[in-house]
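# Observations on chain architecture
Each chain, letter by letter, is given below.
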Amino acid sequence: MSDPSAPARRSDLGVRAVAGVAMIGVAGLALYAGGFLFWLLVAVAALFMMAEWADLHRAAYADKRLAQFALFVPVAIMAPLAAGPGFLALGLIAGAAFFTVIITRRPGLAHGIVYVGLPVLALLLLRNQAHGVLLSLWAMALVWACDIGAYFAGRSIGGPKLAPTISPNKTWAGLIGGVLAASVFGAVLQPLGLPLHLVLATPLLAVLAQMGDLYESQLKRRAGVKDSGNILPGHGGVLDRLDGLVPVAPAAALMVELAKITW
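In this report, the structure presented in the accompanying data block is examined. (Residues numbered from 1 in each chain as written. Predicted model: local features only at pLDDT ≥ 70, side-chain atom pairs only at ≥ 80, totals over all residues. Heavy atoms only, no water.)

## Let's talk about the overall build of the chain
The secondary structure content of the chain amounts to 10 helices and 2 strands. Shown N-terminal to C-terminal, the secondary structure of the chain runs as helices and strands in the order α-α-α-α-α-α-β-β-α-α-α-α. Scaling as 2.2 N^0.38, a compact globule of 263 residues should have a C-alpha radius of gyration of about 18 Å, and the chain matches this with 19 Å. Principal axes of the C-alpha set define a box for the chain whose edges measure 60 × 50 × 30 Å. Sequence-distant contacts, at least 24 apart, represent 71% of the contacts inside the chain between residues at least 6 apart. Total accessible area on the chain stands at roughly 13,100 Å², and carbon and sulfur atoms take up 71% of it. Charge-centre separation for the chain: the mean point of 18 positive side chains lies 2 Å from the mean point of 12 negative side chains. (Helix = DSSP H or I, 4+ residues; strand = E, 2+ residues; numbered from the N terminus. Rg over C-alpha atoms; globule rule 2.2 N^0.38 Å. Contact = heavy atoms within 4.5 Å. Areas by Shrake-Rupley, 256 points an atom, 1.4 Å probe, with all protein chains shown as cover. Lys, Arg positive; Asp, Glu negative; His and termini not counted. Charge placed at Lys NZ, Arg CZ, Asp CG, Glu CD.)

Dropping the structure here:
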């Protein structure tokens, strides 16, 4: 007997694939262009992420908008026509979080400003490096590679669940598949100029990406929703697509800054 849900699953997979390719294309073009265009893409994503975060925490409409406005202050400072990413922006992220918790009395919203603001700062810092395209591509695409590897390994192998109480569909096989896929991607970038220590750090960042995914899954489970939003066809919300990048981007930027990479 045929499975009546199979055509629907294939349709959903097709929508996800098309939307995924489109998102990668837009991100790739903005990354290559850099400057204002890359900042604009990151800034728009940050505002959507903040709105979805507020919804997951059941914030009132006024509090959600206030948190978005507060977040936009440091994000605006990071623009190429302003001070750019740096210590001033970092201080303003902390200030925006403090302002938000004082006005709204909701620590969760202040946490959200830091949760969204730090990866924005990190991505812009990476793009502003001398080899910014390569470094930003590494940080962003290792998460994509990890997601793809985890999806196909989890679906084809299955096996023991990674965190059944948080995300019942995630398996240890998926985690391993994701780490392997990200590691291969990092190795591919080495001949293009990615330093060896960043290549070796890629598997650890892949694990961090999976932990970021699990953290957002926990937030959604607590809020009683399947997706953080519905703006991306077949993918849910912006938080759903960037949850792995949230912890990876700051860690990658910190590695780059501490190492003072030179080629």
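## Some details on the side chain of Glu52
Structurally, the position occupied by Glu52 is in helix 2 (residues 35–56). Of the side chains with opposite charge, Lys220 lies nearest to the buried Glu52, which makes no salt bridge, at 9.0 Å. A distance of 3.0 Å separates polar atoms of two side chains, one belonging to Glu52 and the other to Ser228. When residues no more than four places from it in sequence are discounted, the contact partners of Glu52 are Ser228, Gly229, Ile231, Gly237, Val238 and Leu239. (Buried < 20%, exposed > 50% of the residue type's maximum accessible area, 1.4 Å probe, protein only. Salt bridge = Lys/Arg side-chain N within 4 Å of Asp/Glu carboxyl O. Polar contact = N/O pair within 3.5 Å; in protein donor to acceptor, adjacent residues only side chain to side chain.)

## A closer look at the packing of helix 5 (residues 107–127) against helix 6 (residues 132–157)
Geometrically, a packed helix pair is captured by the angle between its two axes and the distance between the axes. The N-to-C vectors of helix 5 and helix 6 enclose an angle of 145°; their axes lie 7 Å apart at closest approach. Taken together, the residues of helix 6 that come into contact with helix 5 (itself represented by Leu123, Leu126 and Arg127) are Gly132, Val133, Leu135, Ser136, Ala139 and Met140. A breakdown of the residues in the contact of helix 5 with helix 6 according to their chemical character gives 6 nonpolar, 2 polar and 1 charged. (Axes fitted to C-alpha atoms, helices over the stretch in contact; angles between N-to-C directions. Nonpolar A, V, L, I, M, F, W, Y, C, P; charged D, E, K, R; others polar.)

## Notes on the pairing of strand 2 (residues 167–171)
On any regular strand, side chains alternate: one points to one face of the sheet, the next to the other face. In this structure, strand 1 (residues 161–163) lies alongside strand 2, joined through 2 bridges in antiparallel fashion. In the strand pairing of strand 2, Ala163 is matched with Ser167. (Pairing = 2+ DSSP bridges.)

## Some details on the pattern of salt bridges
Between side chains of opposite charge, a pair can form when the charged atoms approach closely. Evaluation of the coordinates by the stated rule reveals 5 salt bridges. The salt bridge partner of Lys170 is Asp213, with a shortest N-O separation of 3.1 Å. In this pair, Lys170 sits in strand 2 while Asp213 sits in helix 8 (residues 196–223), placing the two residues 43 residues apart along the sequence. The residues Lys170 and Asp213 share a single accessibility class, namely buried. The salt bridge involving Lys226 is made with Asp227; its shortest N-O contact spans 3.9 Å.

## Brief notes about the environment of Pro80
Note that Pro80 resides in the loop between helix 3 (61–77) and helix 4 (87–104). On a C-alpha basis, the gap between Pro80 and Asn128 in space is 9.8 Å, while along the polypeptide they are 48 residues apart. Those residues in contact with Pro80 that lie beyond four places of it in its chain are Gly35, Phe36 and Trp39.

## Examining the side chain of Ser228
Looking at the element boundaries, Ser228 is found in the loop between helix 8 and helix 9 (238–242). What makes Ser228 buried here is its relative accessible area of 7%. In this structure, Ser228 is in contact with Glu52, Leu56, Glu216, Lys220, Gly237, Val238, Leu239 and Asp240, ignoring residues within four places of it in sequence.

## Brief notes about the layout of surface pockets
In this structure, the second largest pocket spans a volume of roughly 340 Å³. Along its surface, the second largest pocket is lined by Gly86, Phe87, Leu90, Leu118, Leu121, Ala122, Leu125, Pro250, Ala253, Leu254, Glu257 and Leu258. Elements with a minimum of two residues in the lining of the second largest pocket: helix 4, helix 5 and helix 10 (245–259). The dominant element in the lining of the second largest pocket, judged by the number of residues it contributes, is helix 10, at 5 residues. (1 Å grid on protein atoms, 1.4 Å probe; cavity = no way out; pocket = protein on both sides within 12 Å on 5 of 7 lines; lining within 4 Å. Points joined across faces, edges and corners; volume = space filled by probe spheres on them.)

## Re the packing of aromatic side chains
Under the defined criterion, the tally for this structure stands at 5 aromatic pairs. Look at Trp39 and Phe72: their rings are 6.5 Å apart centre to centre, the planes differ by 55°, and that puts the pair in the tilted class. Here Trp39 is found in helix 2, whereas its partner Phe72 is found in helix 3, with 33 residues between them in sequence. By relative accessible area, Phe72 is classed as partly exposed at 31%. Taking 6.0 Å as the distance between ring centres and 40° as the angle between the ring planes, the aromatic pair formed by Tyr115 and Tyr215 counts as tilted. Residue Tyr115 is located in helix 5, and its partner Tyr215 is located in helix 8; the two are separated by 100 residues in the primary sequence. Residue Tyr115 is classed as buried on the basis of its relative accessible area of 10%. Members of the aromatic cluster, connected to one another through ring pairs, are Phe36, Trp39 and Phe72. (Phe/Tyr/Trp six-rings, centres within 6.5 Å; stacked < 30°, edge-to-face > 60°.)

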